[in-house]
Amino acid sequence: MKTDTLDALTRSLAGSFAFCGIAVAKGDARHLSIATAPGIAANRHTIFRVASVSKLVVGQAIATFVKNRAIGWETDICDVLGWKLRHPSFPDLPVTLGMVASHSAGLTDDAGYIIPPDVSLQKWCTAQPVFATQPGTHFDYANLNYLILAEALECLSGLPFPEAIAPHLPNPGGFNWHGVPAEQAINRLPTYRSNAGDFEAQIDTDIAPIAVSRNVGAYSPQGGLRTSLAGMLQLAERLRDADKTTLWTPSMGAGNYLSGLFECYGPGLQIYHQPRFFPHALVGHFGSAYGFKGGVWYDAETGISFAYALNGYPIGDEDDDFSLEELRIFEAIAAV
């Protein structure tokens with residue numbers, strides 16, 4: 001692999017970010033490139049929050065039960081959870097496991113998804129207007145889906161979420177730091193936002209203790225995975241053998257596709273047959289929150305797995321679309 005251009009790009013991008021990392025693997029060859037702003041130290045094992053890349057881990061954990069034929073994507077999620085999840089206008093229409101995994105269950109984040117620790121997920125979904133569209137007819141990316149999927153994982157495994165997800169984590173890795181050894185957690189990086197030339201930490205300056213909770217929201221399964229750039233590359237390499245079942249395609253209905261940010265969706269996977277930002281088909285997942293943008297991806301045509309992390313986007317930048325810097329990374333990877 002020709003990686004000089006990746007090193008040069010990383011160094012140039014670091015002028016605008018607290019942390020910039022690009023990692024690529026092909027066969028037995030791996031290359032990780034990292035640069036940081038002055039006064040900020042990090043290496044390939046430094047741990048940080050990777051936002052919605054987390055969904056890949058949860059989705060693929062559920063996929064193992066499908067692979068083992070313990071359950072199917074067409075299974076009514078109620079049969080897994082043990083409580084009723086129905087759109088009030090369509091009480092007889094099942095909400096399937098595949099719908100929840102592919103953001104086509106009709107669920108919405110409009111009522112929020114930060115659930116008080118003393119409230120169960122069942123009670124929350126019963127008390128809030130959590131449905132926006134008829135299940136199975138519309139794609140609308142919603143974090144609430146992956147809280148429900150995390151509880152389904154608990155029910156299928158018979159284990160609390162941290163134990164159920166543990167076999168699927170990269171190393172290092174843990175949701176909301178749960179399971180990350182203290183000696184690894186010391187080497188962590190807050191998520192920053194830039195503000196008038198300074199980088200202001202948003203989260204993870206300190207590690208809050210895990211609170212006792214009646215719901216899986218305490219672990220933030222929709223976005224709370226902490227891992228390193230090396231851990232992100234591990235996830236990217238796993239995509240070669242991942243369950244790439246397409247659970248939703250635009251041919252199935254309308255959706256909020258955000259000008260091509262979303263195309264098809266699988267178990268924790270964004271699936272692109274013809275991405276507007278890359279010359280080959282891709283599978284993986286992006287993440288964007290608190291000033292972080294990153295992603296893990298696999299290009300089956302070339303056999304390249306890659307990951308990137310950019311930490312320190314400006315205050316007020318809430319655009320989920322791929323940034324100009326991310327597009328430069330995709331361009332550089334395509335040239336590798």
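See the structure printed just above.
A quick note: this is a predicted structure, and the numbers were derived from the prediction, not measured. (Residues numbered from 1 in each chain as written. Predicted model: local features only at pLDDT ≥ 70, side-chain atom pairs only at ≥ 80, totals over all residues. Heavy atoms only, no water.)

We now examine the environment of Tyr 192. In this fold, Tyr 192 is placed in strand E6 (residues 191–195). Judged by its relative accessible area of 13%, Tyr 192 is buried. When the C-alpha positions of Tyr 192 and Tyr 219 are compared, they lie 21 Å apart, and in sequence the two are 27 residues distant. The residues touching Tyr 192, leaving out its near neighbours within four places in the chain, are Ala 18, Ile 40, Phe 199, Glu 200, Ala 201, Gln 202, Tyr 290, Gly 291, Asn 311, Gly 312 and Tyr 313. (Helix = DSSP H or I, 4+ residues; strand = E, 2+ residues; numbered from the N terminus. Buried < 20%, exposed > 50% of the residue type's maximum accessible area, 1.4 Å probe, protein only. Contact = heavy atoms within 4.5 Å.)

Of the two faces of strand E11 (residues 269–272), the one lined by Leu 269 and Ile 271 and the one lined by Gln 270 and Tyr 272 are each fully buried. Bridge count between strand E10 (residues 264–266) and E11: three bridges; the pairing is antiparallel. What sits directly across from Gly 266, in E11, is Leu 269. A loop of two residues connects E10 with E11, the two strands running antiparallel in sequence, and Gly 268 in this loop sits at a positive phi of about 70°. Looking at chain direction, E11 and strand E12 (residues 282–289) are connected through three bridges and run antiparallel. If you follow Gln 270 over to E12, its bridge partner there is Gly 284. (Pairing = 2+ DSSP bridges.)

It is worth spelling out the packing of aromatic side chains at this point. Within the structure shown, the criterion is met by 24 aromatic pairs. Judged by centre distance (6.3 Å) and plane angle (70°), the ring pair of Tyr 192 and Phe 199 falls under edge-to-face. Measuring from ring centre to ring centre gives 6.2 Å for Phe 278 and Phe 330, while their planes differ by 70°; the resulting arrangement is edge-to-face. Of this pair, Phe 278 sits in the loop between E11 and E12 while Phe 330 sits in helix H10 (residues 324–335), and the two are 52 residues apart along the sequence. Above the face of the Tyr 313 ring, Lys 293 is positioned so that its terminal group lies 5.5 Å from the ring centre. (Phe/Tyr/Trp six-rings, centres within 6.5 Å; stacked < 30°, edge-to-face > 60°. Lys NZ or Arg CZ within 6 Å of the ring centre and 35° of its normal.)

Moving on, we come to the pattern of salt bridges. Summed over all chains, the structure comprises six salt bridges. With a shortest N-O distance of 3.0 Å, Arg 30 and Glu 237 are connected by a salt bridge. With Arg 30 in strand E2 (residues 29–36) and Glu 237 in helix H9 (residues 229–238), this residue pair connects regions lying 207 residues apart in the sequence. A salt bridge links Asp 204 to Arg 226; the shortest N-O distance between them is 2.9 Å. (Salt bridge = Lys/Arg side-chain N within 4 Å of Asp/Glu carboxyl O.)

Turning to the sheet that holds strand E5 (residues 173–175), a few remarks are in order. Strands sit in the order E3-E8-E5 across an open sheet of three strands; the sheet is antiparallel. Of all the strands in the sheet, the pair left with one neighbour each is strand E3 (48–49) and E5. Sheet topology places E5 next to strand E8 (residues 225–227); three bridges connect them, and they run antiparallel. Residue Gly 173 lies in a different strand from E8, and its bridge partner there is Thr 227.

Turning to the packing of helix H1 (residues 4–13) against H10, a few remarks are in order. Where H1 contacts H10, the two axes come as close as 10 Å, and the packing angle between them is 170°. When the interaxial angle is binned, H1 and H10 end up roughly antiparallel. The segment H1 lies against H10, with Leu 6, Leu 9, Ser 12 and Leu 13 engaging Glu 325, Arg 328, Ile 329, Ala 332 and Ile 333. Considered class by class, the residues forming the contact of H1 with H10 number six nonpolar, one polar and two charged. (Axes fitted to C-alpha atoms, helices over the stretch in contact; angles between N-to-C directions. Parallel < 35°, antiparallel > 145°, perpendicular 65-115°, else oblique. Nonpolar A, V, L, I, M, F, W, Y, C, P; charged D, E, K, R; others polar.)

Contact geometry for helix H2 (residues 54–67) and helix H6 (residues 144–157): axes closest at 10 Å, N-to-C directions at 35°. The element H2 and its partner H6 pack so that their crossing is left-handed. Each of Lys 55, Val 58, Gly 59, Ala 61, Ile 62 and Phe 65 in H2 lies in contact with H6, whose residues at this interface are Tyr 146, Leu 149, Ala 150, Ala 152, Leu 153, Leu 156 and Ser 157. A class-by-class count of the residues in the contact of H2 with H6 yields 10 nonpolar, two polar and one charged. (Left-handed = near helix turned anticlockwise from the far one by under 90°.)

Note that every value here comes from positions in space, so none of it alone points to a role or purpose.
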